[in-house]
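Reading the structure
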Amino acid sequence: QVQLVESGGGLVQAGDSLRLSCAASGRTFSTYFMAWFRQAPGKEREFVAGIRWSGSNTLYADSVKGRFTISRDNAKNTVYLQMNSLKPEDTAVYYCAVDRNVHLSPSYYYSLHEYDYWGQGTQVTVSS
């Protein structure tokens with residue numbers, strides 16, 4: 001079992017920055033893939049960014065490339081999402097998730113159905 005707790009959300013203005021944190025506890029393995037998803041009201045949950053627990057490979061949604069950066073601190077069992085140049089359309093509940101499986105194709109990691117553990121979410125609101 002893996003427990004995930006997100007923090008760092010809040011209300012900001014367009015152009016501001018926020019850093020989200022996801023603290024993981026329980027059994028974690030180097031092959032686990034950690035990801036951030038988000039869900040806006042009335043919309044489906046969508047992939048934002050992901051990183052393997054070991055290694056440096058990262059994935060990003062096109063909508064956040066160049067603005068968001070995912071990173072991890074293995075000593076603290078924490079994954080971060082640095083969000084810069086925030087836009088009103090970034091407003092959503094942001095969730096941390098873990099995929100225990102290793103996929104040959106990166107495309108699998110974009111699907112929320114591949115993930116085994118989820119946090120409770122943290123609200124990010126960007127005003128214009």
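In this report, the structure presented in the accompanying data block is examined.

Reading guide: rules and limits
Position labels on residues start from 1 in each chain and follow its written sequence. Under the rules for a predicted model, residues below a pLDDT of 70 receive no local features and side-chain atom pairs below 80 are neither given nor counted, while totals for whole chains, interfaces and linings still include all residues. Side-chain metrics rest on all non-hydrogen atoms present in the structure, leaving aside hydrogens and water. Helix and strand assignments come from DSSP, with helices taken as H or I runs of at least 4 residues and strands as E runs of at least 2, each series counted from the N terminus. Burial here depends on accessible area, computed with a 1.4 Å probe over protein chains only, as a share of the maximum for the residue type. Under 20% is buried, over 50% is exposed, and the range in between is partly exposed. Distance and chemistry together define a polar contact, namely a pair of N or O atoms within 3.5 Å, with one atom able to donate a hydrogen and the other to accept it when in protein, and with adjacent residues in sequence counting only for side-chain atoms on both sides. Two strands are counted as paired when DSSP detects at least two bridges linking them. For helices, the axis comes from a line fit to the C-alpha atoms of the stretch in contact; other axes are also lines fit to C-alpha atoms, and the angle between any two N-to-C directions lies between 0 and 180 degrees. In this description, a nonpolar core means a group of buried Ala, Val, Leu, Ile, Met, Phe, Trp, Tyr and Cys residues linked to one another through side-chain atoms lying within 4.5 Å. In this analysis, two residues are considered to be in contact whenever any of their non-hydrogen atoms come within 4.5 Å of each other. We define a salt bridge as a contact between a side-chain nitrogen of Lys or Arg and a carboxyl oxygen of Asp or Glu at a distance within 4 Å. Whether two aromatic rings pair depends on their centres lying within 6.5 Å, for rings of Phe, Tyr and Trp, where Trp uses its six-membered ring; planes under 30 degrees apart make the pair stacked, over 60 edge-to-face, and the rest tilted. Neither His nor the chain ends contribute to the count of charged residues, in which Lys and Arg are positive and Asp and Glu negative.

**With respect to the environment of Q39**
Mapped onto the fold, Q39 is located in strand β4 (residues 33-39). Taking relative accessible area as the criterion, Q39 reaches 27% and is therefore assigned partly exposed. Here K43 takes part through its backbone oxygen, which lies 3.1 Å from a polar atom of the side chain of Q39.

**A look at the sheet that holds strand β7 (residues 68-73)**
One key point about sheets: their strands pair by backbone hydrogen bonds, in either a parallel or an antiparallel sense. Across the sheet, which stays open at both edges, the four strands sit in the order β1-β3-β8-β7 with antiparallel pairing between neighbours. Both outer strands of the open sheet, β1 (2-7) and β7, are each paired with one neighbouring strand and no more. Here the average twist between neighbouring strands, direction ignored, is 20°. By the bridge criterion, six bridges tie β7 to strand β8 (residues 78-83) in an arrangement that is antiparallel.

**So, the nonpolar core**
Core analysis: the biggest nonpolar cluster contains 31 residues, and L4, M34, W36, L81, M83 and Y94 have the highest contact counts within it. Looking at this core, the elements with two or more residues in it are β1, β3 (18-26), β4, β5 (46-52), β7, β8, β9 (92-99) and β11 (122-127). Non-local contacts of M34, meaning those with residues more than four positions away in its chain, are made with L4, A24, A49, G50, I51, W53, I70, V79, C96, A97 and V98. With eight residues, the next largest nonpolar core counts A35, F47, L59 and Y115 among its residues.

**A few points about the pattern of salt bridges**
Evaluation of the coordinates by the stated rule reveals five salt bridges. Among the salt bridges present, the one from R38 reaches E46, with a minimum N-O distance of 2.7 Å. Among the residues examined, E46 registers a relative accessible area of 37% and is labelled partly exposed. Of the charged contacts in the structure, one is a salt bridge between D90 and R38, with a shortest N-O distance of 2.9 Å. In this pair, D90 sits in the loop between β8 and β9 while R38 sits in strand β4, placing the two residues 52 residues apart along the sequence.

**Here's the deal with the packing of aromatic side chains**
Overall, the coordinates contain seven aromatic pairs when judged by the stated rule. Note on F37 and Y115: the rings are 5.0 Å apart at their centroids and 80° apart in plane angle, and the pair reads as edge-to-face. Here F37 is found in strand β4, whereas its partner Y115 is found in the loop between β9 and β10 (117-118), with 78 residues between them in sequence. The burial state of F37 is the same as that of Y115; both residues are buried. Connected via pairs of aromatic rings, a cluster forms that spans F37, F47, Y95, Y110, Y115 and W118.

**Some remarks on the side chain of E6**
Take E6: it is sitting in strand β1. Despite being buried, E6 has no salt bridge partner; R45 is the closest side chain of opposite charge, sitting 7.5 Å away. Side-chain polar atoms of E6 contact the backbone nitrogen of C96, separated by 2.8 Å. In terms of polar contacts, E6 uses its side chain to reach the backbone amide nitrogen of Q120, at 3.0 Å.

**Observations concerning the side chain of T122**
As for its placement among the helices and strands, T122 is situated in strand β11. A polar contact is formed between the side chain of T122 and the backbone nitrogen of G9, at a distance of 3.2 Å. Ignoring anything within four residues of it in the chain, the contact list for T122 reads E6, S7, G8, G9, L20, A92, V93 and Y94.

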